[in-house]
Amino acid sequence: MKDTEVKDNTKEEEPTKEAPEEPASSSSDEDEYDDIDDDDEPMDEGDEPTTCLFCTETSASIAIAIDHLDARHKVNLSQLQRKFQMDQYSFIKLINYIRANKISADQLLSAEQAQWQDEKYLRPGEYEPWLCYDYEVLKTDSAPDQPSVPELQQRIAEQSQLLQQANEDMERMRNDFKALLQKVHGDEESKGSNKSVPRNNACLDNEYFKSYSHFGIHHEMLSDKVRTSTYRASLLQNEAVVRGKTVLDVGCGTGILSIFASKAGAARVVGIDNSDIVYTAMDIIRKNKVENVELIKGRLEDTDLPEAKYDIIISEWMGYFLLYESMLDSIIYARENHLNPNGIILPSRCTLSLLGYGNDTLYAEQVEFWSNVYEVDMSDLRKRSIEEPLMEVVDAEFMLTDPEQIANFDIMTVDLNYPNFTHQFNLKVTKPGRLSAFVGYFDTLFELPSAVMFSTSPTATPTHWKQTVFFIDKPQIVKEGDVISGKITSRRHKEDVRALSVDIEVFGKKHKYMVV
């Protein structure tokens, strides 16, 4: 190092010795040294042409290249710095990692962990301005206290994922604890208990509640005039029953029943729903200035309510074939844990009925269709078309028998075994025809001083519940006056507690169905 310095100094002195005649002046010396400094001064790293990390575009300076990354590829180095807690060395590793592996901008943006931490990415490679840039200045270019919208969305997504995982872990812990209790106290005591609401696995339940977050399903329900007007009448025509009372609206959805209860004179209304639609419902409540209604997001069985007990529990819990969705489980839980003595539940009773049906056109469209689909034999799907009942508004003209009630549920006394029942039916044929199906429907009763009810029978005004059509494999010719005897059995589905397994034994054959 010293030899080099002596040699350099000698070179600088030689021109002075060869030209002594030139007048010496301080100003000329300074100019000379200024010229030397200007010539030897390295180019500012910010002025070097810089090639983009993700495309072939070359920018006039690294500052322009950084702006290009943000505008063209949506890669913001400040955000990366905060997301991965990066220092100068981390950025050098990142640059070499991108170059070595030809990483795209999308791949980098989707990364949840820094894949460039390996020390091999610190090894020097081909020089480029990216490797010499002072990334510490990024800290002063942005305000860490004010994260960007994408960062906030990322954080929310991460927290939601953690929360979902925690819920699933808690669900497993509950199931393990329940199994432990059964082992300690015996299966018999566990079976005799009526306070444990059957639980779906977390994935199925998440999908169930998520389905009620969509606008369409609420439009369908609210535009069902039979449903909505009957609930309104049950409250507004019985103001003497509602006035001054506390009301719990289970599965409140858009909050319409809570608003009806408030209009009927309720002192306080609490609505609860585990789907995201409840947030919109809160806005609806505020916009309509309904001050005595409070809505809560959560699953009833896992949520602490503002008040422990209520005078009235109201809910629109009915599903296809009345029992599908098993939301009645939550009503039973509410009754056992949140209903005041002498309180009431609306609706108060539901009945389920069955009748014989024969519409050749419908049978051809839904079952025989599979025998020839554009000249392709798809008869293997015929069985599936029978096993999955059709939800359809059927024409009362093709009813071949009188209906028969197969189940009657008093909501004040029904227990969690309600989906499991068997009924021997004897259906009297009222008109001759080719019986190809059995049709199920339900009636809903509000047993109040001013009683109201609605029916989903084929003879009543259609509702969004329609009717449930159970096709049979081999249609049968029936004559007026015949009696069709058989047995229908309903069971809660083993894997999906919200679904039903239904068997109909008739005409010497057992037909199996799954209401989903």
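Note that the structure is a prediction, hence the values are computed from the model and not measured.

### Overview of a nonpolar patch on the surface
Then step 1. Together, V376, M378 and L381 line one region of the surface with nonpolar side chains, adding up to about 210 Å² of accessible area.
Then step 2. By the element assignment, V376 lies in the loop between α17 (360-366) and α18 (382-387).
Then step 3. On the basis of relative accessibility, which here comes to 42%, the residue V376 falls in the partly exposed class.

### Overview of helix α14 (residues 256-263)
Then step 1. Burial of α14 is extensive: six of the eight residues sit out of reach of the surface.
Then step 2. Listed as buried for α14 are L257, S258, I259, F260, A261 and S262.
Then step 3. Positive backbone phi, at 105 degrees, marks G265, one or two positions downstream of α14.

### Topic: the environment of P306
Then step 1. Turning to its location among the elements, P306 is positioned in the loop between β5 (293-297) and β6 (310-314).
Then step 2. For P306, a relative accessible area of 38% puts it in the partly exposed group.
Then step 3. In this structure the C-alpha to C-alpha distance between P306 and V270, which are 36 residues apart in sequence, comes to 7.8 Å.
Then step 4. Sequence-distant contacts of P306, defined by excluding residues within four places in its chain, comprise R268, V270, E294 and I296.

### Structural notes on the packing of aromatic side chains
Then step 1. For the structure on display, the rule yields 17 aromatic pairs.
Then step 2. Measuring from ring centre to ring centre gives 5.4 Å for F442 and W465, while their planes differ by 80 degrees; the resulting arrangement is edge-to-face. Pair noted here: F442 is in strand β12 (residues 433-446) and W465 is in the loop between β13 (452-455) and β14 (467-478), with a separation of 23 residues, a long-range link. By the burial criterion, F442 is buried, and W465 matches it.
Then step 3. Among the aromatic residues, those joined into a cluster by ring pairs are F84, Y97, W116 and Y121.

Cut-offs used in this document
- Residues numbered from 1 in each chain as written.
- Predicted model: local features only at pLDDT ≥ 70, side-chain atom pairs only at ≥ 80, totals over all residues.
- Heavy atoms only, no water.
- Patch = residues over 30% accessible without salt bridge, like charges linked within 9 Å, V, L, I, M, F, W, Y side chains within 5 Å.
- Areas by Shrake-Rupley, 256 points an atom, 1.4 Å probe, with all protein chains shown as cover.
- Salt bridge = Lys/Arg side-chain N within 4 Å of Asp/Glu carboxyl O.
- Helix = DSSP H or I, 4+ residues; strand = E, 2+ residues; numbered from the N terminus.
- Buried < 20%, exposed > 50% of the residue type's maximum accessible area, 1.4 Å probe, protein only.
- Contact = heavy atoms within 4.5 Å.
- Phe/Tyr/Trp six-rings, centres within 6.5 Å; stacked < 30°, edge-to-face > 60°.

Purely geometric numbers; function is a separate question.
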